[in-house]
Amino acid sequence: MMMPSWTLLPDAMIARFLGRSAVLVATLAAISATPAPAFADDARLHTFHCVEACPLGAPENADTIVREIYTLSADPLTKMAVWVAYRITPETVGKSQSRGWSVDPWLAPEETLEEQDYDGANEALGVDRGHQAPLAAFSGSPFWPDTNRLSNITPQSSALNQASWQRLEARETRLAQKEKVAVHVLTGPLFERLMRPMPGADERHRVPSGYWKVVVTLDGRMTAFIFDQDTPRAANYCGMRRSLDEVELRARLRLFPMRTAPFTPLDQELGCAEPAPSGGAGETPASEPVRP
């Protein structure tokens, strides 16, 4: 029996056919015509949201969800995404859409938060329901409601979500429109200190202490950022630039497991004309694939 050519199938079709992430990853690795470039027991997930391959290092029990506008890895312990990968093009951007929150139907009830879990969180903690894959970047896509799935949402500081984080998202969109290119973004939470939980949640969960984000174009330009939850509203996102090495070490992920070519900075195109902070972004070599 001839196996299907997975590179020709839409990602959502693959996800629907295979279901759970463990099956998806194992099957893709097994039927690949090209051997994995690293370890014999290494399984890689390839979707067009990721650059060459999706990140490695998520917990073994994490669920990988592949939708038309993003791919994410959901951690059932924290109830947050470990990472989210999305791809913005001029065609995905459109007019503003509504925020109608919904539980992710591809996760079991005990693996995700519900809408009512966020009740009272803004008043008690000063947090919003913050998108990882942004609604504005996909408002031109018929799949924009998927950005409002709670698997794509985290309790994010209002001062961060409504200010420097939102301004960086706008720059990502502007870059795709100006250069007429696909802009790839990887993002996710950091858990570097224990934060107060949301008072209305009846499931065990963890509020992020910060966030990381990496913006990439397929011609090899890249800039990485780290934001603390306590980032002031007036902060400039350019001051949050960091090296890819720092992001990977703090996130405990291998974000580009197949890449060996170096990246060059995307700073100018993202509106960051000044040099990066000490220890921040710059020409970043991509090392040989290793275990995260």
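Parameters at a glance
Residues numbered from 1 in each chain as written. Predicted model: local features only at pLDDT ≥ 70, side-chain atom pairs only at ≥ 80, totals over all residues. Heavy atoms only, no water. Helix = DSSP H or I, 4+ residues; strand = E, 2+ residues; numbered from the N terminus. Buried < 20%, exposed > 50% of the residue type's maximum accessible area, 1.4 Å probe, protein only. Contact = heavy atoms within 4.5 Å. Areas by Shrake-Rupley, 256 points an atom, 1.4 Å probe, with all protein chains shown as cover. Arc of directions from axis to C-beta. Salt bridge = Lys/Arg side-chain N within 4 Å of Asp/Glu carboxyl O. Disulfide = S-S within 2.5 Å. Polar contact = N/O pair within 3.5 Å; in protein donor to acceptor, adjacent residues only side chain to side chain. Pairing = 2+ DSSP bridges. Lys, Arg positive; Asp, Glu negative; His and termini not counted. Core = buried A, V, L, I, M, F, W, Y, C linked by side-chain atoms within 4.5 Å.

Student: Can you walk me through the overall build of the chain in this structure?
Tutor: Secondary structure assignment for the chain yields five helices and ten strands. For the chain, the proportion of its 292 residues judged to be buried stands at 53%. Here the analysis covers contacts within the chain between residues at least 6 apart in sequence; of these, 69% occur between residues at least 24 apart. Surface summary for the chain: the accessible area is close to 13400 Å², and the carbon and sulfur share equals 55%.

Student: Could you clarify how one ought to interpret helix H5 (residues 244-251) in this entry?
Tutor: Because each turn of an α-helix spans 3.6 residues, side chains separated by three or four positions in sequence point in the same direction. Listing the buried residues of H5 in full gives Leu244, Val247, Glu248 and Ala251. Buried positions in H5, seen along its axis, are confined to an arc of 95° and lie on one side of it. Residues of H5 that are buried sit in contact with strand S6 (183-190), strand S7 (210-217), strand S8 (221-228) and strand S9 (241-242).

Student: How should the pattern of salt bridges be read in this particular structure?
Tutor: Pairs can form between side chains of opposite charge once their charged atoms are near each other. Applying the stated rule across the entire model yields 16 salt bridges. Across the pair Arg67 and Asp104 runs a salt bridge, and its minimum N-O distance is 2.6 Å. With Arg67 in the loop between strand S1 (63-66) and strand S2 (70-74) and Asp104 in the loop between strand S3 (81-88) and helix H3 (121-125), this residue pair connects regions lying 37 residues apart in the sequence. Arg129 is the partner of Asp119 in a salt bridge, and the nearest nitrogen-oxygen pair spans 4.0 Å.

Student: Would you mind going over the state of the cysteines with me for this structure?
Tutor: What we call a disulfide is simply a covalent bond connecting the sulfur atoms of a pair of cysteines. Tallied over the entire structure, the rule returns two disulfides. Note on cysteine connectivity: Cys50 is disulfide-linked to Cys54, with sulfurs 2.0 Å apart. Across the S-S bond of Cys50 and Cys54 the torsion is about 90°, and the bridge reads as right-handed. Take the cysteines of the chain that form disulfides and number them in order along the sequence; they join up as 1-2, 3-4.

Student: For this particular structure, what's the right way to read the environment of Asp128?
Tutor: As for its position among the elements, Asp128 is in strand S4 (residues 127-131). With relative accessibility at 13%, the residue Asp128 sits in the buried group. Distance from Asp128 to Ile153, taken between C-alpha atoms, is 9.2 Å for residues 25 residues apart in sequence. Asp128 has contacts with Asn122, Thr154, Pro155, Gln156, Ser158, Asn161 and Gln162, leaving out every residue within four places of it along the chain. A polar contact of 2.8 Å, which involves the side chain of Asp128, links it to the side chain of Gln162.

Student: Explain the pairing of S7 here, please?
Tutor: A regular strand places its side chains so that they alternate between the two faces of the sheet. For S7, a buried count of eight out of eight residues is recorded, marking the element as mostly surrounded by other parts of the structure. Side chains Gly210, Trp212, Val214 and Val216 project from S7 onto one buried face, and the interleaved Tyr211, Lys213, Val215 and Thr217 project onto a second face that is buried too. As paired elements, S6 and S7 share eight bridges and run antiparallel to each other. What sits directly across from His184, in S7, is Val216. The pairing of S7 with S8 spans seven bridges and is antiparallel. Considered in S8, the bridge of Val214 is made with Ala224.

Student: Please explain the side chain of Asp117 as it appears in this structure.
Tutor: Along the chain, the position of Asp117 falls in the loop between S3 and H3. No salt bridge is formed by the buried Asp117. Its closest oppositely charged neighbour is Lys79, at 8.7 Å. A distance of 2.6 Å separates the side chain of Asp117 from the backbone nitrogen of Glu114, its partner in a polar contact. A polar side-chain atom of Asp117 sits 3.3 Å from the main-chain amide nitrogen of Asp202. Apart from residues lying up to four places away in sequence, Asp117 is in contact with Met198, Gly200, Ala201, Asp202 and Glu203.

Student: Looking at this structure, I do not really get the environment of Thr154. What am I missing?
Tutor: Considering the arrangement of structural elements, one finds Thr154 in strand S5 (residues 153-157). Looking at Thr154, the relative accessible area reads 1%, which means it is buried. Separated by 23 residues in the primary sequence, Thr154 and His131 have C-alpha atoms spaced 6.7 Å apart. Not counting residues up to four positions away in its chain, the partners in contact with Thr154 are Met80, Tyr118, Asp128, Arg129, Gly130, Gln132, Pro208 and Tyr211.

Student: Just to check I follow, could you spell out the nonpolar core for this structure?
Tutor: As a rule of thumb, nonpolar side chains are buried together in soluble globular proteins. Grouped together as the largest cluster of nonpolar side chains are 32 residues, with contacts concentrated most on Tyr86, Ile88, Phe225 and Phe227. Those elements that provide at least two residues to this core are S2, S3, helix H4 (158-179), S6, S7 and S8. The element that contributes the greatest number of residues to this core is H4, accounting for five residues. Setting aside its immediate chain neighbours within four residues, Phe225 contacts Leu168, Tyr211, Trp212, Lys213, Val215, Tyr237, Met240, Arg241, Arg242, Val247 and Leu270. Residues Leu45, Val51, Val214 and Val216 belong to the second largest nonpolar core, which totals 22 residues.

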